[in-house]
Structure formats: C-alpha cells, structure tokens
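One letter stands for each residue in the lines below.
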Amino acid sequence: MGTVLEQSGDSLVEVGSGSALCRMTFWQYVITKIEIDDRLPDNPIGNEITLYKETLKSKVDASGKQLLNGKHLQNKLVSKVANMLFRELSRAIPAASCANAKL
C-alpha cells in the first residue's frame, strides 16, 4: 500500500507502488472484513482496529460534521492495517529464526 514520488514536469506526484493485484486484494480484504462492524475477532488486534475506526469516525469539525469519510477513512484504515501486519510479521520472524536455530 506504499507510494512513491514521481516527478512530472514541475510537480511531484505520489503514485501507488508494488503489485497492483496485491494492492487491490489487500484493499478488498480491508473493506469487506475489517471496515464492516462485527467481523473482527475479539482479541487484542481486533480491539485495536475497532478503537482506531471509532477514533477516526469520531473526529468532527465545529459544526459536528464528520471530518473523515468515504475513501479518506478507508485509506487511513488500510494504512493502519498494513502497519499492524508489518509489526506482527516483524515480531514473528525473530521467534521463527530462534526456533530454527535450535533444530
């Protein structure tokens, strides 16, 4: 879900990078399994995502209008899930390396 900066004439443009198929599949997963309420498991990671969604949805301006909605809210949620996935993979790799070293 990362982006890269590309120069186009006098301006810098931020475009998606990596596999388009991977980005589309990850986006669909987040929209269908994570964004919809009551589809997350009741565990620390599910609770963290739920709290983050509620925090994003509770941000309003002075007139009470929700600041983030639609694609903007979904982009924030996709980014959070990608960062959490990386965090959990980073925690799992040293544990797997230690288990293989003992063999």
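Residues numbered from 1 in each chain as written. Predicted model: local features only at pLDDT ≥ 70, side-chain atom pairs only at ≥ 80, totals over all residues. Heavy atoms only, no water.

A.B. asks: Explanation requested: the confidence of the model for the chain in the structure shown.
C.D. replies: Caution applies to low-pLDDT regions: their predicted coordinates should not be interpreted in detail. In the predicted model, the chain carries a mean pLDDT of 84, and the fraction of residues at 70 or more is 92%. Element-level pLDDT for the chain is lowest in strand β1 (residues 3-8), with a mean of 78, against a maximum mean of 91 in helix α2 (residues 44-58). (pLDDT = per-residue confidence, 0-100. Helix = DSSP H or I, 4+ residues; strand = E, 2+ residues; numbered from the N terminus.)

A.B. asks: What is the right way to read the nonpolar core from this model?
C.D. replies: Proteins that are soluble and globular tend to have nonpolar side chains buried together. Counting residues in hydrophobic clusters, the biggest one holds nine residues: Phe26, Trp27, Val30, Ile34, Ile49, Leu77, Val78, Val81 and Met84. Going through the elements one at a time, α1 (20-34) and α3 (70-102) are the ones with two or more residues in this core. Beyond its immediate stretch of four places on either side in the chain, Val30 contacts Glu35, Leu77, Val78 and Val81. (Core = buried A, V, L, I, M, F, W, Y, C linked by side-chain atoms within 4.5 Å. Buried < 20%, exposed > 50% of the residue type's maximum accessible area, 1.4 Å probe, protein only. Contact = heavy atoms within 4.5 Å.)

A.B. asks: Which parts of the structure should I look at to understand α1?
C.D. replies: Given 3.6 residues per helical turn, the α-helix brings residues three or four places apart onto the same face. For α1, which comprises 15 residues, the first-to-last C-alpha distance of 20 Å matches the rise-based estimate of 21 Å (1.5 Å per residue) to within 8%. Those residues of α1 not exposed but buried are Phe26, Trp27, Val30 and Ile34. Projected down its long axis, α1 carries its buried residues within an arc of 100°, all on one side. Opposite the packed face of α1, turned more than 90 degrees from it, sit the exposed residues Ala20 and Leu21. Residue Ser19 occupies the N-cap position of α1, its side-chain oxygen lying 3.3 Å from the main-chain nitrogen of Leu21. (Expected span 1.5 Å × (residues − 1). Arc of directions from axis to C-beta. Polar contact = N/O pair within 3.5 Å; in protein donor to acceptor, adjacent residues only side chain to side chain.)

A.B. asks: Before we go on, may I ask you to explain the pairing of β1 in this structure?
C.D. replies: Two faces, one strand: in a regular strand the side chains alternate between the faces of the sheet. Judged from the six bridges that link them, β1 and strand β2 (residues 11-16) form a sheet pairing that is antiparallel. Considered in β2, the bridge of Gln7 is made with Leu12. Counting the residues that bridge the hairpin from β1 to β2 gives two residues, and of these Gly9 lies at a positive phi of roughly 70°. (Pairing = 2+ DSSP bridges.)

A.B. asks: Mind showing me how you'd approach the packing of aromatic side chains here?
C.D. replies: Ring pairs (aromatic) are described by centroid distance and by the angle formed between their planes. One pass over the full model with this rule turns up zero aromatic pairs. Sitting above the plane of the Tyr52 ring, Lys80 keeps its charged end 5.2 Å from the centroid. (Phe/Tyr/Trp six-rings, centres within 6.5 Å; stacked < 30°, edge-to-face > 60°. Lys NZ or Arg CZ within 6 Å of the ring centre and 35° of its normal.)

A.B. asks: Is there a simple way to think about α2 in this case?
C.D. replies: Between its terminal C-alpha atoms α2 stretches 21 Å, which fits the 21 Å expected from 15 residues at 1.5 Å a residue. Within the sequence span of α2, burial applies to Gly46, Ile49, Lys53 and Leu56. Along the long axis of α2, the arc covered by the buried residues comes to 90°, so they all point the same way. Facing away from the buried side of α2 by over 90 degrees, the exposed positions are Pro44, Leu51 and Ser58. Measuring from the side-chain oxygen of the N-cap residue of α2 to the backbone nitrogen of Ile45 gives 3.2 Å; that N-cap residue is Asn43.

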